[in-house]
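Observations on chain architecture
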Amino acid sequence: MITSKNKVWIMSDGNTIDLDLNTVAKEKISGRVTEYKISEIAMYLLSPQPIEMEDYVIGCKVHHKAPASSLLKRFFNKLTFRKEDSAKNAEELIEEILITPKHNPPLFRDNLLNQHFMRIKEQLIPYKPIHKKLSSLDINLIDEVTAIGEGIDKTRYQITLGGSINDKINLIINSLTRKAKITLGKAYIQDGLFDFRGYSFTSFNTKNAYPLIRCFHENQTKYCVLTGDYKFNYWVEDNELIDYLRLFEQSIQTDKELKSAINLCIKGKANPLKLFFSDQYEQNYSKRNLPKIYREMMFSHNIAPNEIEAISQTLNNNQSVVCFTYAPTFEPDQQKLFTNISVMHDLKALDSIKERVPRVYSEIIKKTADFETKQLYLLDSMRGCQDV
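It should be emphasised that the depicted structure is a prediction, and the values quoted were computed from it without experimental measurement.

1. Observations regarding the pattern of salt bridges
Evaluation of the coordinates by the stated rule reveals 11 salt bridges. In this structure, Arg 156 and Glu 150 form a salt bridge, with 3.1 Å as the shortest nitrogen-oxygen distance. Glu 150 gets classed as buried once you look at its relative accessible area, which sits at 8%. The salt bridge involving Glu 257 is made with Arg 383; its shortest N-O contact spans 3.2 Å. Taken together, the residues Glu 257 in helix α9 (residues 256-266) and Arg 383 in strand β17 (residues 374-387) connect sequence positions 126 residues apart. We classify Arg 383 as partly exposed; its relative accessible area is 35%.

Here it is, written out as structure tokens:
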């Protein structure tokens, strides 16, 4: 439920409604369907459309044309085909050109001083080796040029550019001192990982809600997203994405640290980077390493050592982990990456101890919320930091 006190939200509970999807989505689906409401944040995470963002370009990969002698060599290689030779020849034709030194130096608190140094940096670009190298390239001997971007977390990725070879080289040269507008694939990358850099949290409007429809078609569960006025928008490509949304919603509502981190992004005091979901926290809990929620009960309920041992053995099963990475902007001279980790736990993991330690089980139930097919509670929350 969306309230003024609950500004950050992802996905609502579902309600059964009557909706003719044959008219809306051109699918022969009749009968009652389940409707959820999703926020602008969820729309971004689910969308199959490419994302636009600004980031630094640190260089490029130049794909050179093969000279005539190489073409003849490749012809004979085909006669005695070896996969290793083919891959080696392809690598020899690709040249990676990167900027040095660090492309994104620390900023000062004085914006006028930052602008002054940026102007000096731009004036020095023609004298840098990478500028001379790119300017001297013979476009007639090049098949393709792809830019290389680098985020604040040092992750590098290739950027496909439009236009002629000459246009691409000029774009890369002009983007070496300032952030460039680039287009990447959809927000969902793979295996539970989302790229959050393309979403502007500062424009998040908590009042905007969009219908997410769950229906059954040809014995399969399908989800589609509609516009605010119930016109078809897109089909959800992978149902697992909906599970991620539900988990993200419950983590935000139960983990104050995660909500605080997202609110920093909404206020413009931090930039979102990545959102990652996994089914196991990398460190195992033990009798000597219990999460805070159980350490507190251990003292308040006077739990026996053997009971603590039984509890600890259940905590490493049935986990759902949410990792949100962001970079604060209020200390521009100290670039840091923060990751907030929320470890959610399925209540059914405690079935083996609910008769043995009923006091603990009853306390956990009070902290548990229904998650459609699961009952989850916040097992642990932590925040890490690293310099970049």
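Past the structure itself, the notes keep going.
2. Some points on the nonpolar core
In this structure, Ile 38, Leu 46, Leu 134, Phe 196, Leu 212 and Phe 248 are the most contacted members of the largest nonpolar core, which totals 71 residues. With 7 residues, the top contributor of residues to this core is helix α8 (residues 240-254). The contact partners of Phe 248, leaving out residues within four places of it in the chain, are Ile 10, Ile 41, Leu 45, Phe 196, Leu 258, Ile 262, Leu 275, Phe 277 and Val 322.

3. Some words on the environment of Ser 320
Within the fold, Ser 320 resides in strand β14 (residues 319-328). By relative accessible area, which is 10% here, Ser 320 ends up buried. Dropping the residues within four chain positions of it, Ser 320 is found in contact with Leu 247, Ser 278, Ser 342, Val 343, Met 344 and Lys 374.

4. Some thoughts on helix α10 (residues 292-300)
If you check which residues of α10 are buried, you get Ile 293, Tyr 294 and Met 297. Buried residues of α10, seen end-on, are gathered within an arc of 90 degrees and therefore sit on one face of the element. Exposed side of α10, more than 90 degrees from the buried face: Lys 292 and Phe 299 are the residues found there. Contact partners of the buried residues in α10: α11 (305-314), α12 (358-366) and β17. Phi for Asn 302, located one or two positions after α10, is positive at around 55 degrees.

5. Details of the pairing of strand β12 (residues 232-235)
Taken together, the 3 bridges between strand β11 (residues 220-226) and β12 define a ladder with antiparallel strand orientation. Across the sheet, the residue bridging to Val 225 is Tyr 234, located in β12. A loop of 5 residues connects β11 with β12, the two strands running antiparallel in sequence, and Tyr 230 in this loop sits at a positive phi of about 65 degrees.

6. Regarding the sheet that holds strand β10 (residues 210-217)
The 5 strands are arranged β1-β2-β10-β11-β12 in an open sheet whose pairing can be described as antiparallel. One side of each edge strand has no neighbouring strand; the edge strands of this open sheet are β1 (15-18) and β12. Recorded for the sheet is a direction-independent mean angle of 40 degrees between the axes of neighbouring strands. Note: strand β2 (residues 32-38) against β10, 5 bridges, orientation antiparallel. Bridged to Ile 38 within β10 is Tyr 210.

7. Things to note about a nonpolar patch on the surface
Where nonpolar side chains cluster on the molecular surface, the patch consists of Leu 113, Phe 117, Ile 120, Leu 124 and Tyr 127 and spans about 490 Å² of accessible area. Relative to the helices and strands, Leu 124 is located in helix α5 (residues 111-124).

8. Quick notes on the confidence of the model for the protein chain
Mean pLDDT over the protein chain: 84, with 86% of residues reaching 70 or higher. The lowest-confidence element of the protein chain is helix α4 (residues 83-92), averaging 55 in pLDDT; the highest-confidence one is helix α2 (residues 40-46), averaging 97. In the predicted structure, residues 1-6 sits below a pLDDT of 50 and forms 6 contacts with residues beyond four places in sequence or in another chain.

9. Observations regarding the packing of aromatic side chains
Evaluated as defined, the whole model comprises 17 aromatic pairs. Where Phe 248 meets Phe 277, the ring centres are 6.3 Å apart and the plane angle is 90 degrees; that geometry is what we call edge-to-face. In this pair, Phe 248 is assigned in helix α8 and Phe 277 in strand β13 (residues 270-278), connecting sequence segments 29 residues apart. Overall, the relative accessible area of 1% leaves Phe 248 in the buried class.

10. So, the side chain of Ser 342
Mapping Ser 342 onto the fold places it in strand β15 (residues 336-346). Overall, Ser 342 belongs to the buried group, its relative accessible area being 0%. Of note is the side chain of Ser 342, whose polar atom sits 2.5 Å from the side chain of Asp 255. Residues in contact with Ser 342, not counting those within four places in the same chain, are Ser 251, Asp 255, Leu 258, Ser 320, Val 321, Val 322, Leu 378 and Asp 380.

11. Regarding the packing of α8 against α9
Angle between the axes and distance between the axes: these two values describe a pair of packed helices. For the pair α8 and α9, the least separation of the axes is 5 Å and the interaxial angle reads 100 degrees. The angle between α8 and α9 falls in the class roughly perpendicular. Residue-level contacts link Phe 248, Ser 251, Ile 252, Gln 253 and Thr 254 of α8 to Lys 256, Leu 258, Lys 259 and Ile 262 of α9. Taken together, the residues of the contact of α8 with α9 sort by class into 4 nonpolar, 3 polar and 2 charged.

How each quantity is defined
Residues numbered from 1 in each chain as written. Predicted model: local features only at pLDDT ≥ 70, side-chain atom pairs only at ≥ 80, totals over all residues. Heavy atoms only, no water. Salt bridge = Lys/Arg side-chain N within 4 Å of Asp/Glu carboxyl O. Buried < 20%, exposed > 50% of the residue type's maximum accessible area, 1.4 Å probe, protein only. Helix = DSSP H or I, 4+ residues; strand = E, 2+ residues; numbered from the N terminus. Core = buried A, V, L, I, M, F, W, Y, C linked by side-chain atoms within 4.5 Å. Contact = heavy atoms within 4.5 Å. Arc of directions from axis to C-beta. Pairing = 2+ DSSP bridges. Axes fitted to C-alpha atoms, helices over the stretch in contact; angles between N-to-C directions. Patch = residues over 30% accessible without salt bridge, like charges linked within 9 Å, V, L, I, M, F, W, Y side chains within 5 Å. Areas by Shrake-Rupley, 256 points an atom, 1.4 Å probe, with all protein chains shown as cover. pLDDT = per-residue confidence, 0-100. Phe/Tyr/Trp six-rings, centres within 6.5 Å; stacked < 30°, edge-to-face > 60°. Polar contact = N/O pair within 3.5 Å; in protein donor to acceptor, adjacent residues only side chain to side chain. Parallel < 35°, antiparallel > 145°, perpendicular 65-115°, else oblique. Nonpolar A, V, L, I, M, F, W, Y, C, P; charged D, E, K, R; others polar.

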